[in-house]
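Residue strings, one per chain:
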Amino acid sequence: MPMIRECIVTTLNGEGRTHIAPLGLIQEGDGWIIAPFRPSATLDNLRITPFAVANFTDDVLVFAGCLTGNKDWPLRSATHVPGTVLEGALAHAELEVASVEEDDQRPRFHCRVVYEASHAPFKGFNRAQAAVIEAAILASRLHMLPREKIEQELAYLQIAVEKTAGPREHEAWRLLVEKIEDHYKHAPPTQPEGPEGP
Ligand SMILES: Cc1cc2nc3c(=O)[nH]c(=O)nc-3n(C[C@H](O)[C@H](O)[C@H](O)COP(=O)(O)O)c2cc1C
């Protein structure tokens, strides 16, 4: 399996407005594959404007915010492709779609890196940040995964949050747990099991 980097992807719609979403980019040589599930705004945008920016950030509140309705994060223009860069990203890569591999579930946009830049140092691993990313993935797949699995994994991930989180990680965790609890308040008691995938 190739390496996957979890990042914040920005794309532009037909009116030039930015769409922001957490996505796992699949490494492919010097480039990246963006694989959005159908249906998604990222997928629609990439067909209209075949460029994207991969924003590499350790601010897990952006991931949690995007999944819980807050997509209002400061942006600036990209320099080498039509697109926008997340202010505060540690680094970013400006991407151009080179080819598209069609798929009924999850088309793959093979992208080449047009430009990349670093903006701030990597400050080291933090377990709570990794736990929040895992929880964010669970929160984005509530319709696919069994409730028992989600609750078991959350209980384990919570240990790292309690031991190692700073204020942004605590807030991101709170938002995600609230979203998950809210989902089960309104969902039927049994959840269908579905494909997991990366
Ligand atoms: C860390 C992380 C990685 C994700 N990776 C993907 C991905 O590779 N493809 C995808 O379709 N959704 C992925 N998601 C879920 C999307 O962020 C979410 O479904 C989003 O709303 C995409 O749909 P949109 O483009 O319509 O906003 C990921 C979520 C998280 C938290």
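Above this text is the structure in question.
Each value, and the rule that gives it
- Residues numbered from 1 in each chain as written.
- Predicted model: local features only at pLDDT ≥ 70, side-chain atom pairs only at ≥ 80, totals over all residues.
- Heavy atoms only, no water.
- Pairing = 2+ DSSP bridges.
- Helix = DSSP H or I, 4+ residues; strand = E, 2+ residues; numbered from the N terminus.
- Axes fitted to C-alpha atoms, helices over the stretch in contact; angles between N-to-C directions.
- Phe/Tyr/Trp six-rings, centres within 6.5 Å; stacked < 30°, edge-to-face > 60°.
- Buried < 20%, exposed > 50% of the residue type's maximum accessible area, 1.4 Å probe, protein only.
- Lys NZ or Arg CZ within 6 Å of the ring centre and 35° of its normal.
- Polar contact = N/O pair within 3.5 Å; in protein donor to acceptor, adjacent residues only side chain to side chain.
- Contact = heavy atoms within 4.5 Å.
- Disulfide = S-S within 2.5 Å.
- Arc of directions from axis to C-beta.

Draft legend 1. Up close: the sheet that holds strand β8 (residues 108-118). Pairing in this closed barrel of six strands is antiparallel, and the strands run β1-β2-β3-β8-β7-β4 around the ring. Put simply, the sheet's adjacent strands are angled 40 degrees from each other on average, direction ignored. In terms of strand pairing, strand β1 (residues 4-12) meets strand β2 (residues 18-28) through nine bridges, oriented antiparallel. The residue of β2 that forms the bridge with T10 is I20.

Draft legend 2. Spotlight on the packing of aromatic side chains. Under the defined criterion, the tally for this structure stands at two aromatic pairs. Geometrically, the ring pair formed by W32 and F56 is tilted, given 6.2 Å between the ring centres and 50 degrees between the ring planes. Here W32, found in strand β3 (residues 31-34), pairs with F56, found in strand β4 (residues 51-56); they are 24 residues apart in sequence, far enough to count as distant. Look at F122 and F125: their rings are 5.4 Å apart centre to centre, the planes differ by 75 degrees, and that puts the pair in the edge-to-face class. Using a relative accessible area of 56% as the deciding quantity, one classes F122 as exposed. We note R106 situated over the ring of F37; from NZ or CZ to the ring centre the distance is 4.2 Å.

Draft legend 3. Highlighting the side chain of T11. Within the fold, T11 resides in strand β1. At 3.0 Å, the side chain of T11 and the side chain of N45 are in polar contact. Filtering out sequence-adjacent residues up to four positions away, T11 remains in contact with R17, T18, H19, T42, N45, L46, F51 and A52.

Draft legend 4. Representation of the state of the cysteines in the model. By the definition in use, this model includes zero disulfides. Looking at C66, it has no disulfide partner, and the nearest cysteine sulfur is the one in C7, 11 Å off.

Draft legend 5. Just the environment of C7, in detail. In this fold, C7 is placed in strand β1. Look at C7 and you get buried, because its relative accessible area is 0%. C-alpha of C7 to C-alpha of P121: the two residues are 114 residues apart in sequence and 16 Å apart in space. Setting aside chain neighbours within four positions, we find C7 in contact with A21, P22, L23, L25, A54, N55, F56 and F63.

Draft legend 6. Geometry of helix α1 (residues 41-48). Of all the positions in α1, only T42, L43, N45 and L46 are classed as buried. Taken end-on, α1 shows its buried residues confined to a sector of 165 degrees, consistent with a single buried face. Tucked inside the fold, the buried residues of α1 contact β1, β2, β3, β4, β7 (91-101) and β8.

Draft legend 7. Molecular detail of the pairing of β7. Pairing of β4 with β7, which is carried by six bridges, proceeds in the antiparallel orientation. Across the sheet, the residue bridging to V53 is E94, located in β7. Of the pairings in the sheet, the one linking β7 to β8 comprises ten bridges and is antiparallel in character. Within β8, the position partnered with E94 by the bridge is Y115. The hairpin turn running from β7 into β8, its antiparallel successor, is six residues long.

Draft legend 8. Representation of unusual backbone geometry within the structure. Backbone torsion omega between R38 and P39 reads -10 degrees, so that peptide bond is classified as cis. In this structure, P39 sits in the loop between β3 and α1.

The analysis is restricted to geometry; functional conclusions fall outside its scope.
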